[in-house]
Amino acid sequence: MELSRNTKRFLVGLSAFTVALVLFVNHFAAIGHWFVNVLNTFSPFIVGGCLAFILSVPMRMFDKLLGSPKRNKPLIKNRGTRTGISLVLSILLVFMLISLFGIIVLPQLVDTVTSLAGSIMRFVPTAQRWITEIMVWLENYPEIHSAIAPYVPDLNSVASSLISFVQRYAGIIAGSLVSNVSVLFGSATDIIISFVFAIYILLQTETLSRQCKKMLYAFLPKEFCDDALMVTRMAHKTFYSYVAIQCTEAVILGGLCFAGMILFRFPHALVVSVIMLFCALIPIYGAIISCIVGAFLVLIESPMQAIGFVAFILILQQIETNLIYPRVVSTSINLPSMWVLLAVTVGGGIFGIIGMLTAVPITSIVYTLLGSAAKKRLTARNLSTFDPAPAPDKEG
């Protein structure tokens, strides 16, 4: 029996896939080792690409400011000069923020962690007195007292365990952070390569874009190239908007938190504000984490102020949700809240902090592509007005 051309092609592809799968399974360790070596080799360039993307956010802002018309003329007319100045200003801004964090914020964080043990021990007698007074009052209700008494903790042992936990895991977190940064950037040579590569990308963005388009259309089908460019533009727009929006919102929220804590004289204003700034980059869970950590830090200094702090954070988050966010966000990501929660949870569970930060834009891209593909298929099947709503019940 003569096989058709499509059948022969399918059998050849299936055979090639089977052979490749067998080779992959039999040489999994060698392939994994080779992949890790390749990834380590290209890691400076990957980091450089990420650094270029981060620098492009303030760079575009400076480019708009320098190119905005003043008396019907831009401040700097030459595009190349404007790009170079915008890049230099962006690098200076990033280095200034890193320096301020290292000089002002980091010592405050270290002092807070080191003084945390003493604050906890000072808080223990007050908390123990409250528990004793409550248990004495509950003696008037023997049934409740007998049910609760076995579960009342010894605060001295709890405090000792908490102090050892903080001291232990603070060192572990600091060591993990240093090791992750070291692995990410590697040696000084890798840092220089990443930085130089990022500068090359930012200065030659248009040239690189034009060259990539030429290579795509020269060797691949036109329809595939059009779809690839569409997905690339969507990914860049989604990630850029997400990063710009989250960073702007985090800075505003951290600044308002610091000003409010200074105004109401809450303790650890700088440390709590920095925690809130970084946690604001994480959707949904960031607000919960920052509120719990901040309330704990205020609680061990002044239990009564902790109630006021929680109320202040709740009011601040309402102001941010209803007033700041709609004005800051001109183009939000096209993703319902349910999928945002799912993306952050799954991304954080699999890839940790990096997953929580990147899961939302990636899910937004997939969501948009799937919606577009579904719309095209429904249109091709003459179901563009398809409504899955159930039919109304018939009255009998």
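Not measured: the values here are computed from a predicted model.

Novice: What's the story with the overall build of the protein chain in this structure? I'm lost.
Specialist: For the protein chain, the count of helices and strands is 12 helices and two strands. For the protein chain, the N- to C-terminal ordering of α and β elements is α-α-β-β-α-α-α-α-α-α-α-α-α-α. Taking all 396 residues of the protein chain together, the buried fraction comes to 25%. Nonlocal contacts in the protein chain, meaning residues at least 24 apart in sequence, comprise 67% of its contacts between residues at least 6 apart.

Novice: Is there a simple way to explain the packing of aromatic side chains in this structure?
Specialist: To describe a pair of aromatic rings, you give the distance between the ring centres and the angle between the ring planes. Considering all chains together, one arrives at seven aromatic pairs under this definition. Relative to F309, the ring of F266 lies with its centre 5.9 Å away and its plane at 85°, an arrangement referred to as edge-to-face. On the criterion of sequence distance, the pair formed by F266 in the loop between α8 (222–263) and α9 (269–279) and F309 in helix α11 (residues 303–328) is long-range, its members being 43 residues apart. Judged by relative accessible area, F266 falls into the buried class, the value being 10%. Over the face of the ring belonging to Y240 we find R60, whose NZ or CZ atom lies 4.0 Å from the ring centre.

Novice: Looking at this model, I keep getting lost on the packing of α8 against helix α12 (residues 337–380). Mind explaining?
Specialist: A pair of packed helices is captured by two measures, namely the crossing angle of their axes and the spacing between those axes. Contact geometry for α8 and α12: axes closest at 10 Å, N-to-C directions at 145°. Handedness of the crossing formed by α8 with α12: right-handed. Counting all contacts with α8, which are made through M230, V231, M234, A235, T238, F239 and Y242, the residues of α12 involved are L357, V360, P361, I362, S364, I365, T368 and L369. Class assignment for the residues of the contact of α8 with α12 results in 12 nonpolar, three polar and no charged.

Novice: Explanation requested: unusual backbone geometry in the structure shown.
Specialist: Excluding glycine, most residues fall at negative phi; most peptide bonds, likewise, are trans. The backbone phi angle of R265 is positive, close to 60°, even though this residue is not glycine. With respect to the element layout, R265 can be found in the loop between α8 and α9. Taking the relative accessible area as the measure of exposure, R265 reaches 68% and is therefore exposed. Of note in this structure, H268 is not a glycine but carries a positive phi near 55°.

Novice: Is there a simple way to explain the nonpolar core in this structure?
Specialist: One broad trend across soluble globular proteins is that nonpolar side chains are buried collectively. Counting 19 residues, the largest nonpolar core has C257, M261, F309, F312 and I313 as its most contacted members. Listing elements by their share of this core, those giving two or more residues are α8, α9, α10 (285–299) and α11. Per-element tally for this core: the top contributor is α11, with five residues. Leave out the neighbours within four places in its chain, and F312 touches L256, C257, G260, M261, F264 and F266.

Novice: Help me understand a nonpolar patch on the surface, please; the structure alone is not making it clear to me.
Specialist: Taken together, the side chains of F10, L11, L14, F17, L21, F24, V25, F28 and I31 present a nonpolar region at the surface, about 890 Å² in accessible area. If you list the elements that add at least two residues to the nonpolar patch, you get α1 (5–26) and α2 (28–67). With seven residues, the top contributor of residues to the nonpolar patch is α1. For F10, the position within the fold is in helix α1.

Novice: Mind showing me how you'd approach the side chain of T238 here?
Specialist: Note on placement: T238 falls in helix α8. Within the local environment of T238, its side chain forms a polar contact with the backbone oxygen of M234, the two atoms lying 2.7 Å apart.

Novice: Can you help me understand the pattern of salt bridges in this one?
Specialist: Pairing is possible between side chains of opposite charge, provided their charged atoms come close. Per the stated rule, a full pass over the model turns up two salt bridges. Linking R82 and D63 is a salt bridge whose minimum nitrogen-to-oxygen distance equals 3.2 Å. Within this pair, whereas R82 is found in helix α3 (residues 79–138), its partner D63 is found in helix α2, the two being separated by 19 residues in sequence. Taking relative accessible area as the criterion, R82 reaches 11% and is therefore assigned buried. The salt bridge involving D226 is made with K222; its shortest N-O contact spans 3.0 Å. Residue D226 and its partner K222 are both found in helix α8; the two are separated by four residues, about one turn of the helix.

Cut-offs used in this document
Residues numbered from 1 in each chain as written. Predicted model: local features only at pLDDT ≥ 70, side-chain atom pairs only at ≥ 80, totals over all residues. Heavy atoms only, no water. Helix = DSSP H or I, 4+ residues; strand = E, 2+ residues; numbered from the N terminus. Buried < 20%, exposed > 50% of the residue type's maximum accessible area, 1.4 Å probe, protein only. Contact = heavy atoms within 4.5 Å. Phe/Tyr/Trp six-rings, centres within 6.5 Å; stacked < 30°, edge-to-face > 60°. Lys NZ or Arg CZ within 6 Å of the ring centre and 35° of its normal. Axes fitted to C-alpha atoms, helices over the stretch in contact; angles between N-to-C directions. Left-handed = near helix turned anticlockwise from the far one by under 90°. Nonpolar A, V, L, I, M, F, W, Y, C, P; charged D, E, K, R; others polar. Core = buried A, V, L, I, M, F, W, Y, C linked by side-chain atoms within 4.5 Å. Patch = residues over 30% accessible without salt bridge, like charges linked within 9 Å, V, L, I, M, F, W, Y side chains within 5 Å. Areas by Shrake-Rupley, 256 points an atom, 1.4 Å probe, with all protein chains shown as cover. Salt bridge = Lys/Arg side-chain N within 4 Å of Asp/Glu carboxyl O. Polar contact = N/O pair within 3.5 Å; in protein donor to acceptor, adjacent residues only side chain to side chain.

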